[in-house]
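Residues per chain are reported as follows:
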Amino acid sequence: MKRVTGIGGIFFQARDPVALRAWYKAHMGIDVQDWGGAELRWADAATDPAAGSTIWSIGAAGGDQFPVGAAPFMINYRVDDLDALLQVLRDEGCEVLEMADDSGYGKFGWVMDPEGNKVELWEPPE
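In what follows, the accompanying structure is described. As the structure is a prediction and not an experimental result, all values here were calculated from the model.

Once that is clear, we can look at the layout of surface pockets. Taken as a whole, the largest pocket spans an internal volume of roughly 610 Å³. Lining the largest pocket are 22 residues, and of these Phe11, Ile55, Tyr105, Phe108 and Trp122 lie nearest its centre. Put simply, the parts of the chain that give the lining of the largest pocket at least two residues each are strand S1 (4-14), strand S3 (49-60), strand S4 (73-79), strand S5 (95-103), strand S6 (106-112) and strand S7 (118-123). For the lining of the largest pocket, the leading source of residues is S3, giving four residues.

As for its position among the elements, Ala100 is in strand S5. A sequence separation of 18 residues divides Ala100 from Leu82, and the C-alpha atoms of the two residues are 10.0 Å apart.

Right, let's get into the sheet that holds S5. Read across the sheet, seven strands follow the order S2-S3-S1-S4-S7-S6-S5 without closing on themselves; strand pairing throughout is mixed. Unpaired on one side and paired on the other, strand S2 (37-43) and S5 mark the two borders of the sheet. Shown here is a sheet whose adjacent strand axes are inclined to one another by a mean of 25°, direction ignored. Sheet topology places S1 next to S3; six bridges connect them, and they run parallel. Looking across to S3, one finds that Gly9 is bridged to Ile55. Packed onto the sheet, helix H2 (residues 82-91) meets S4, S5, S6 and S7 and runs at close to 15° relative to S6.

Attention shifts here to helix H1 (residues 17-28). Taking 1.5 Å of rise per residue, the 12 residues of H1 would be expected to cover 16 Å, and the 15 Å separating its terminal C-alpha atoms lies within 8% of that figure. Gly29 lies just past H1 and shows a positive phi near 75°.

Where S1 lies against S4, seven bridges are found, and the strand directions are antiparallel. What sits directly across from Gly6, in S4, is Arg78.

Now for the side chain of Glu123. One can find Glu123 in strand S7. Within polar-contact distance, the side chain of Glu123 engages the backbone nitrogen of Leu82 at 2.8 Å.

This paragraph deals with the nonpolar core. Counting residues in hydrophobic clusters, the biggest one holds nine residues: Val79, Leu82, Leu85, Leu86, Leu89, Val96, Val111, Val119 and Leu121. Every element with two or more residues in this core is listed here: H2 and S7. Among the elements that take part in this core, H2 stands out by supplying four residues, more than any other. If we ignore the near neighbours within four places in the chain, the residues touching Val111 are Leu89, Cys94, Glu95, Val96, Leu97, Asn117, Lys118, Val119 and Leu121.

Before going further, it helps to examine the environment of Trp23. Its location among the elements puts Trp23 in helix H1. In the structure, Trp23 is positioned 31 residues away from Thr54 in sequence and 20 Å away in space, judged by C-alpha atoms.

With that out of the way, let us pick up the pattern of salt bridges. Enumeration over the complete set of coordinates arrives at four salt bridges. With a shortest N-O distance of 2.6 Å, Lys107 and Asp83 are connected by a salt bridge. With a gap of 24 residues between them, Lys107 in strand S6 and Asp83 in helix H2 connect regions that are remote in the sequence. The closest approach of N and O atoms between Glu98 and Arg90, which form a salt bridge, is 3.2 Å.

Cut-off values and rules
Throughout, residues of each chain are indexed from 1 in the direction in which the sequence is written. In view of the model being predicted, local features appear only for residues whose pLDDT reaches at least 70, and side-chain atom pairs are presented and counted only at 80 or more, with totals across whole chains, interfaces and linings using the full set of residues. Note: side-chain values were computed over all heavy atoms of the structure, leaving out hydrogens and water. Definitions used throughout: a 1 Å grid over protein atoms alone; a cavity as a set of points that fits a 1.4 Å probe which cannot get out; a pocket as an open set with protein on both sides within 12 Å along at least five of seven lines; a lining residue as one with an atom within 4 Å of a point. Grid points are joined across faces, edges and corners, and a volume is the space filled by probe spheres set on the points. Strands here mean DSSP runs of E at least two residues long; helices mean DSSP runs of H or I at least four residues long; both are numbered from the N terminus. The pairing criterion is simple: DSSP has to find at least two bridges between the two strands. Fitted lines through C-alpha atoms serve as axes, helices being fitted only where they are in contact, and the angles separating the N-to-C directions of these axes extend from 0 to 180 degrees. Residue contacts are defined here by distance: any two heavy atoms, one from each residue, within 4.5 Å place the two residues in contact. Multiplying 1.5 Å by the helix residue count minus one yields the expected span of that helix. N or O atoms within 3.5 Å of each other form a polar contact, as long as, within protein, one can give a hydrogen and the other can take it, and as long as residues adjacent in sequence are counted only when both atoms are side-chain atoms. To form a nonpolar core, buried Ala, Val, Leu, Ile, Met, Phe, Trp, Tyr and Cys residues must be joined to one another through side-chain atoms within 4.5 Å. Three exposure classes are used, based on accessible area relative to the maximum for each residue type with a 1.4 Å probe and protein chains only: buried under 20%, partly exposed in between, and exposed over 50%. Salt bridges are counted wherever a side-chain nitrogen of Lys or Arg sits within 4 Å of a carboxyl oxygen of Asp or Glu.

Remember that the coordinates give geometry; whether it matters functionally is a separate question.
Next up, the structure:
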């Protein structure tokens, strides 16, 4: 069974998310959108578009995006079969959070790593 197939997104918190987003836009060239992040499209070595993207997003520190974890960041990993993987992780004794989200963006589930970091697992929509 495949587990992680890629990084779906990187989410982190900032004391002043508006200013930090502006800094990344001005100095790093990240096309920050009104929703607070950017969709970084994948390309191959010849810079031809590839199927997929990674979300990059800055949220407010102390917000509810990471309420369970202690870290000011969260990595979202792409997976092929979220439900099966969450069951395998439970069977292996991992701390799977008993909450899930199924929306137009795909299916989401969460597990805590041994250091208390909330890890997001994402099965993209078909």
